[in-house]
Amino acid sequence: MDYSQYKDLKVRRLEAGIVEIVMGEEGKLAVATANAHGEMARIWLDIDRDPEVRVAILRGAGKGFSAGGDLAMVEQMTHDFAVRARVWREARDLVYNMINCSKIIISAMHGPAVGAGLVAGLLADISIAAKNARLIDGHTRLGVAAGDHAAIVWPILCGMAKAKYYLLTCEQISGEEAERIGLVSLTCEEAELQAKALEVARKLAAGAQTALRWTKYSLNNWLRMAGPAFDASLALEMLGFIGPEVKEGIASHREKRKPSFPPEPKDF
């Protein structure tokens, strides 16, 4: 499989059966630009079709795992239907392509994990977070519904009570706390993160591939059953991008201040 067409994602073969997918560049946080967002949706189709891949490790370069969406693209979504429709399709494909990818996916999260990166990090079959990682779903802070993956996987991972608390408040979760509540599979010190991900990948790459893939397929039926909830949440998120709240959310992010959202419509 030729991965040279990917520009924002760097794909390299670590050893037999194991590839590494790296978001961003060294020294920087990976930002989900328009191109990067599209690549994050497509990569899992190629991983699935690659006969030389048994396990894929996803990690971020530099200062953290992912920094969330590019504000310029987010702002475009508020007034450009074509951009909004494209992002909706890519967000949908990212979730379903990961769920349906037959190969085992491992995420190794350090630093901040936000936006599309967090989607992939939590949808991975084995999610590993550094103890000091900072997981944040900031949708409601931006002024839109938590749509891209939250409804399909958070209640299954950590239960409805914790899912509602963190998704409604946008409070950050440390890697250590994320493991305690069941949001991630494992945690370790940041210095040990890549080694731990590779250790798990080697164990899985050496396993019975048909048994592993069919087990993954069966377990992911829990996520497929939550598909209607996800589809609704994603549609409501996109609807929010044409409302007044997201404009204040974007402005407050640019000005690095707390948002002051407008009052709700009288007929809401």
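In case you missed it, the structure is sitting above this.
From a predicted model like this one, the values you see are computed outputs, not experimental measurements.

## Remarks on the pairing of strand β1 (residues 9-15)
- Where β1 lies against strand β2 (residues 17-23), six bridges are found, and the strand directions are antiparallel. Bridge assignment links Leu9 to a residue of β2, and that residue is Met23.

## Some points on the packing of helix α1 (residues 34-49) against helix α3 (residues 81-100)
- Where α1 contacts α3, the axes come no closer than 9 Å and their chain directions differ by 30°. Between α1 and α3, the interaxial angle falls into the category roughly parallel. The hand of the α1/α3 crossing is left-handed. Where α1 approaches α3, its residues Ala34, His37, Gly38, Met40, Ala41, Trp44, Leu45 and Asp48 are matched on the opposing element by Arg86, Val87, Glu90, Ala91, Asp93, Leu94, Asn97, Met98 and Asn100.
- By residue class, the composition of the contact of α1 with α3 is nine nonpolar, four polar and four charged.

## As for α1
- Over its 16 residues, α1 extends 24 Å from the first C-alpha to the last, a length consistent with the 22 Å expected when each residue adds 1.5 Å.
- Taken as a whole, α1 carries its principal kink of about 30° at Ala41.
- Taken residue by residue, α1 has Ala36, His37, Gly38, Glu39, Met40, Ala41, Ile43, Trp44, Asp46 and Ile47 as its buried positions.
- Tucked inside the fold, the buried residues of α1 contact β1, β2, β3 (53-60), α3, β5 (104-109) and α4 (115-123).

## Some points on the pattern of salt bridges
- Applying the stated criterion across every chain yields a total of 15 salt bridges.
- Note that Arg202 is salt-bridged to Glu15, the shortest N-O span being 2.9 Å. Linking Arg202 in helix α9 (residues 193-205) with Glu15 in strand β1, this pair joins segments that are 187 residues apart in sequence.
- For Arg202, a relative accessible area of 44% puts it in the partly exposed group.
- Taking the relative accessible area as the measure of exposure, Glu15 reaches 32% and is therefore partly exposed.
- Note that Arg49 and Asp46 form a salt bridge whose closest N and O atoms lie 2.8 Å from each other. Linking Arg49 with Asp46, this pair stays in helix α1, spanning three residues, or about one helical turn.
- In this structure, a network of salt bridges that share partners links the residues Arg12, Glu20 and Arg59.

## Let's talk about the state of the cysteines
- For the structure shown, the criterion picks out zero disulfides.
- Of all cysteine sulfurs in the structure, the one in Cys170 sits closest to Cys158, which takes part in no disulfide; the separation is 14 Å.
- For Cys158, a relative accessible area of 11% translates into the label buried.

## Considerations on the layout of surface pockets
- Taken as a whole, the largest pocket holds about 750 Å³ of empty space.
- Gly68, Gly69, Val114, Gly115 and Leu142 are the residues nearest the centre of the largest pocket, which is lined by 34 residues in total.
- Breaking the lining of the largest pocket down by element, the ones donating at least two residues are α2 (71-77), α3, β6 (112-114), α4, α5 (139-142), α12 (227-240) and α13 (244-254).
- With four residues, the single largest contributor to the lining of the largest pocket is α2.
- A per-class count over the lining of the largest pocket returns 20 nonpolar, nine polar and five charged.

## Brief notes about the packing of aromatic side chains
- On inspection of all chains with the given rule, the structure shows three aromatic pairs.
- For the pair Tyr3 and Tyr6, a centre-to-centre distance of 6.3 Å together with 40° between the ring planes defines the contact as tilted. By the burial criterion, Tyr3 is buried, and Tyr6 matches it.
- Residues Tyr165 and Tyr166 carry aromatic rings whose centres are separated by 5.1 Å and whose planes lie at 80° to one another, so their mutual orientation is edge-to-face.
- We classify Tyr166 as buried; its relative accessible area is 9%.
- Across from the ring centre of Trp88, 4.8 Å away, lies the NZ or CZ of Arg92, which sits over that ring.
- Stacked on the ring of Tyr217, the Lys or Arg Arg224 has its end atom at 4.2 Å from the ring centre.

Conventions adopted
Residues numbered from 1 in each chain as written. Predicted model: local features only at pLDDT ≥ 70, side-chain atom pairs only at ≥ 80, totals over all residues. Heavy atoms only, no water. Pairing = 2+ DSSP bridges. Helix = DSSP H or I, 4+ residues; strand = E, 2+ residues; numbered from the N terminus. Axes fitted to C-alpha atoms, helices over the stretch in contact; angles between N-to-C directions. Parallel < 35°, antiparallel > 145°, perpendicular 65-115°, else oblique. Left-handed = near helix turned anticlockwise from the far one by under 90°. Contact = heavy atoms within 4.5 Å. Nonpolar A, V, L, I, M, F, W, Y, C, P; charged D, E, K, R; others polar. Expected span 1.5 Å × (residues − 1). Bend = angle between axes of the 7 residues up to and from the residue. Buried < 20%, exposed > 50% of the residue type's maximum accessible area, 1.4 Å probe, protein only. Salt bridge = Lys/Arg side-chain N within 4 Å of Asp/Glu carboxyl O. Disulfide = S-S within 2.5 Å. 1 Å grid on protein atoms, 1.4 Å probe; cavity = no way out; pocket = protein on both sides within 12 Å on 5 of 7 lines; lining within 4 Å. Points joined across faces, edges and corners; volume = space filled by probe spheres on them. Phe/Tyr/Trp six-rings, centres within 6.5 Å; stacked < 30°, edge-to-face > 60°. Lys NZ or Arg CZ within 6 Å of the ring centre and 35° of its normal.

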